[in-house]
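Here's the letter readout for the chains.
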Amino acid sequence: MLKVTGLTKKFGPKRGVIDESFTIEEGQIMGLIGQNGAGKTTTFRMILNLLQPDHGSVTWNGHHLSPADYNTVGFLPEERGLYTRMTIQEQVVYFAALRGQSAKVTKQKLPEWMEKFAVKGKVTDKIKDLSKGNQQKVQLIATLIHNPKLIILDEPFSGLDPVNAQLLEDSILEMKTNGASIIFSSHDMANVERVSDTLLMLRNGETVLNGTPQQIREQFGNTRIRLRSPLTFEVLQQFPGVTDVEKRGNAYYLTLADEAAGVQVFEAATAQGYIPEFSQEPPSLDEIFRIEVGADHE
Amino acid sequence: MSKFNVIVRQVIRKNLKSPAYIFSLLLPVILIAAVALFAFINKQTNQTPKMAIVSDNPALRTALVAAPTHGDYKVDKKIVDHKTAEKKLAHEKLDGYLTVTTQNNEFKAVYRQRTNANSLDTDTLKNNFSTLKIQQTAQQLGLKPEQLKQLFAPATYQTQNVAYRNGVVHKQKSNQQGANIAIAVAVTFLMYMFLIQYASLIAQETATEKGSHIMEILVSSVSPTTQFFGKITGMFCLIILQVVVALIAAGLGINYLHQNVSFIKGFSLDQIQPGMIGLLVSFFIVGIMLYTVMAAMLGALVTRQEQVGQALSPLTTLGLVAYVVSFIAMNSNSLLIRIGSFVPFLSQSLMPVRYAVGNASTLEAWLAVAVELATLIVLAFIAVRVYRNHVLDYSHKRWFSKKEKA
């Protein structure tokens, strides 16, 4: 279990992390979201003991993370780095050896992982001859092949196409099933929502959201309606309690000031009987992200 | 396998796969092979000249033909007359022929050679001819063989070389000082090349790992201290390998070449003082390590790989200065050079030369090694601190002021 309590690190007036707390149990995934510079990488570095916090503490299974724990860590830094002149096998074997896994075991496991991530090429291919996407996959393999129990992934989905993103999602979920505590950052809310058990959003180092995706969405109330009905754009715009109307395709997307207004919208829309669509939900995480980021820009 | 060993092995393996390192490792072998090849080709193309001897004095001719040639020429004994000799010469069956006349007691020899012939070292032939002339003249004068021997017994002449080390006469064989200086100059040159090479090797590697953010993975796997000493130890092993290869190449090379190449003739391994080899090897290892550790530290300070050259230039300049000044040290023992030969970063180039020319005592030489070694140890601990604090620091300022306990 990873427990972060009151973590604070200041670099300057607007950088760093302020009073950050969260817990990741075994077999749990936490998504860390926030704009660039919000404090995600700083958080990861403090967890890894690469940076000393000004206040607060990080414990892994009840103790401070020390070099003795390094073998149980899998870390994918935001900026990818591989030795371009090495072959895939040399690279993965070296990184795994630094995590305490013998070359023999790594060599045995590697073909399976290459298949899992659909890496194009042979284990004897040089890193520099691989496409960027394949290099990224090799980096992910190097991060995960030693079966770590604490996995920290900084923007693991960036640069992956949807097919490869799905492969990564599957692997992350597999590691979760194996009992790993996983923390990852992402800009893609869809990934975060699909994979995360909990999520935490940082804005200028401050925690603005913390909880399960469902809890967080519900904090914002069922203030979004998707509607297909005889009601026209003008009518919807004039509706009391509706703050915004947008037409996308043949459906209207309504933003409500209060979720109670949904009842009147439903009644008006169904006044003449059947309608194909009425759906009232909390805002999507993507939207919440924009709302929270927007709050900073005001 | 411990992580320390993983890093050491990685450094060694990576470099053994790099063509640049292999080339530098084999450089002494290549140099010696080149000289050996040159000597071999020279020997092959320059064959022993073949000649004929014709004379109006058959007894003299027979004696001359029978005289020892020391491998300098071969005589075709069948050719006895001028006409045949000329014909064979024209058909390139001979390189030349000697015509000896003894009319009126005047001994005269003319060697006629083709311009494109194998050249003749005339010393032996001239000697033989002179000896025969003397013998014949002595016979005519009625001198006894003992008298002849007495007449030609040479006066003795001898040269003695002495060198003073530590204030007392230091016994050395005739070529010893020359050999010492030659080897000191050669080693100083190799050392300069290698210290620049190793310094840039490790600085590049550190800066590349930092610049490409591989460092973040490394320091989250292994403590920076283990990593730093692992790298330095790996480099140390490579240096040792380099020394061993150079020593073997030099040993085999000198043993083989001193029989075949004129300028190494009379230069053999036992002319080099054993103390000199130990000193050179010590300076070689400690000197290069000192530069390597310094370079690793500088490599950790830069943010991008492109800045390495700039960060290293003061260090490489220092190495160059030490190397250049070592030439001055060969002929000068000024105070500045005496002091310089004890200063770390300079001593590895200056002291071996001073020691070789006899300007420094054994004690002084080893003292300089000790000073450099002590500096190396202190520097290593400073360097590991700097390395630890800066490998993840991508800011462009505060190079030395940042005190972050990582």
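From a predicted model like this one, the values you see are computed outputs, not experimental measurements.

Asker: Teacher, can you tell me more about the pattern of salt bridges here?
Answerer: Pairing between side chains of opposite charge can happen when their charged atoms approach one another. All names here are of chain A. According to the stated counting rule, one finds 22 salt bridges over all chains in the structure shown. Ionic pairing is found between Asp197 and Lys176, a salt bridge with its closest N-O pair at 2.8 Å. Residue Asp197 is located in the loop between α6 (189-195) and β8 (198-203), and its partner Lys176 is located in helix α5 (residues 162-177); the two are separated by 21 residues in the primary sequence. Salt bridges here are not isolated pairs; linked through shared partners, they connect Glu193, Arg217 and Glu281.

Asker: How should I be thinking about the domain arrangement of chain B in this particular structure?
Answerer: Reports of interface size often rely on the accessible area that becomes lost once the parts have come together. If you check the domain split of chain B, you get domain 1 (50-149) and domain 2 (174-405). For domain 1 of chain B versus domain 2 of chain B, the separation of C-alpha centres amounts to 60 Å.

Asker: Please explain the nonpolar core as it appears in this structure.
Answerer: Most often, soluble globular proteins keep nonpolar side chains buried together rather than apart. In terms of nonpolar packing, the biggest core is built from 143 residues, with Ile47 and Phe95 of chain A touching the most fellow members. Top contributing element to this core by residue count: helix α10 (residues 274-301) of chain B, with 18 residues. The residues contacting Ile47 of chain A, other than those within four sequence positions of it, are Leu2, Val4, Phe22, Val58, Leu65, Leu150, Ile152 and Ile183 of chain A.

Asker: Got a minute to help me understand the interface of chain A and chain B in this structure?
Answerer: Counting residues at the interface gives 23 residues for chain A, matched by 22 residues for chain B. Among the residues of chain A in contact with chain B, Leu50, Tyr83 and Leu98 of chain A are the three that bury the most area, contributing 26% of the side total. Where chain A touches chain B, the interface holds two salt bridges. Between Glu90 of chain A and Lys17 of chain B there is a salt bridge whose closest N-O contact spans 2.1 Å. For the pair chain A and chain B, the interface holds eight residue pairs in polar contact (both at pLDDT 80 or more). Looking at which element gives the most residues to the side of chain A that touches chain B, the answer is helix α2 (residues 88-98) of chain A, with five residues. Split by residue class, the side of chain A that touches chain B holds 13 nonpolar, five polar and five charged.

Asker: Help me out: how do you make sense of a positive patch on the surface in this one?
Answerer: Residue and element names in this part refer to chain B. Together, Lys50, Lys74, Lys78, Lys83, Lys87, Lys88 and Lys93 give the surface a local cluster of positive charge. Tallying contributions element by element places helix α4 (residues 82-90) first for the positive patch, with three residues. Of note, Lys83 is situated in helix α4.

Asker: In this structure, what is going on with the sheet that holds strand β3 (residues 96-101) of chain B? I would like to understand it.
Answerer: Backbone-to-backbone hydrogen bonds join strands into a sheet, with any given pair of strands oriented parallel or antiparallel. Residue and element names in this part refer to chain B. Spatially, four strands are ordered β2-β1-β3-β4 in an open sheet, and the strand pairing comes out mixed. Only two strands of the sheet have a single neighbouring strand rather than two, namely β2 (74-75) and β4 (108-113). Judged from the five bridges that link them, strand β1 (residues 50-55) and β3 form a sheet pairing that is parallel. Paired with Ser55 across the two strands is Val100, which belongs to β3. The strands that α4 touches are β1, β3 and β4; relative to β3, the one it contacts most, it runs at about 160°.

Asker: Explain the packing of α2 of chain A against helix α4 (residues 132-144) of chain A here, please?
Answerer: The angle between the axes and the distance between the axes are what describe a pair of packed helices. Residue and element names in this part refer to chain A. Relative to each other, α2 and α4 sit at 30°, their axes nearing to 8 Å. Considered as vectors, α2 and α4 are oriented roughly parallel to each other. As α2 packs across α4, the resulting crossing turns out to be right-handed. For the pair formed by α2 and α4, the contact residues are Ile88, Val92 and Phe95 on the first element and Val138, Ile141 and Ala142 on the second. Tallied by class, residues from the contact of α2 with α4 come to six nonpolar, no polar and no charged.

Asker: Explain the packing of aromatic side chains to me, please; I cannot follow it from the model alone.
Answerer: How two aromatic rings sit relative to each other is set out by the distance from centre to centre and by the angle between their planes. Per the counting criterion, the structure on display carries 17 aromatic pairs over all chains. Aromatic side chains Phe229 of chain B and Phe381 of chain B sit 5.9 Å apart centroid to centroid with 55° between the ring planes, which places their arrangement in the tilted category. One end of the pair, Phe229 of chain B, is in helix α9 (residues 224-257); the other, Phe381 of chain B, is in helix α14 (residues 362-390), and 152 residues separate them in sequence. Note on Phe229 of chain B: relative accessible area 25%, which makes it partly exposed. Aromatic rings pair up to connect Phe189, Tyr192, Tyr323 and Phe327 of chain B into one cluster. Sitting over the ring of Trp113 of chain A, Lys116 of chain A keeps its end group 3.9 Å from the ring centre.

Parameters and conventions
Residues numbered from 1 in each chain as written. Chains lettered and ligands numbered in written order. Predicted model: local features only at pLDDT ≥ 70, side-chain atom pairs only at ≥ 80, totals over all residues. Heavy atoms only, no water. Salt bridge = Lys/Arg side-chain N within 4 Å of Asp/Glu carboxyl O. Helix = DSSP H or I, 4+ residues; strand = E, 2+ residues; numbered from the N terminus. Domains from an automatic or database assignment. Core = buried A, V, L, I, M, F, W, Y, C linked by side-chain atoms within 4.5 Å. Buried < 20%, exposed > 50% of the residue type's maximum accessible area, 1.4 Å probe, protein only. Contact = heavy atoms within 4.5 Å. Buried area = accessible area lost by both parts, 1.4 Å probe. Polar contact = N/O pair within 3.5 Å; in protein donor to acceptor, adjacent residues only side chain to side chain. Nonpolar A, V, L, I, M, F, W, Y, C, P; charged D, E, K, R; others polar. Patch = residues over 30% accessible without salt bridge, like charges linked within 9 Å, V, L, I, M, F, W, Y side chains within 5 Å. Areas by Shrake-Rupley, 256 points an atom, 1.4 Å probe, with all protein chains shown as cover. Lys, Arg positive; Asp, Glu negative; His and termini not counted. Charge placed at Lys NZ, Arg CZ, Asp CG, Glu CD. Pairing = 2+ DSSP bridges. Axes fitted to C-alpha atoms, helices over the stretch in contact; angles between N-to-C directions. Parallel < 35°, antiparallel > 145°, perpendicular 65-115°, else oblique. Left-handed = near helix turned anticlockwise from the far one by under 90°. Phe/Tyr/Trp six-rings, centres within 6.5 Å; stacked < 30°, edge-to-face > 60°. Lys NZ or Arg CZ within 6 Å of the ring centre and 35° of its normal.

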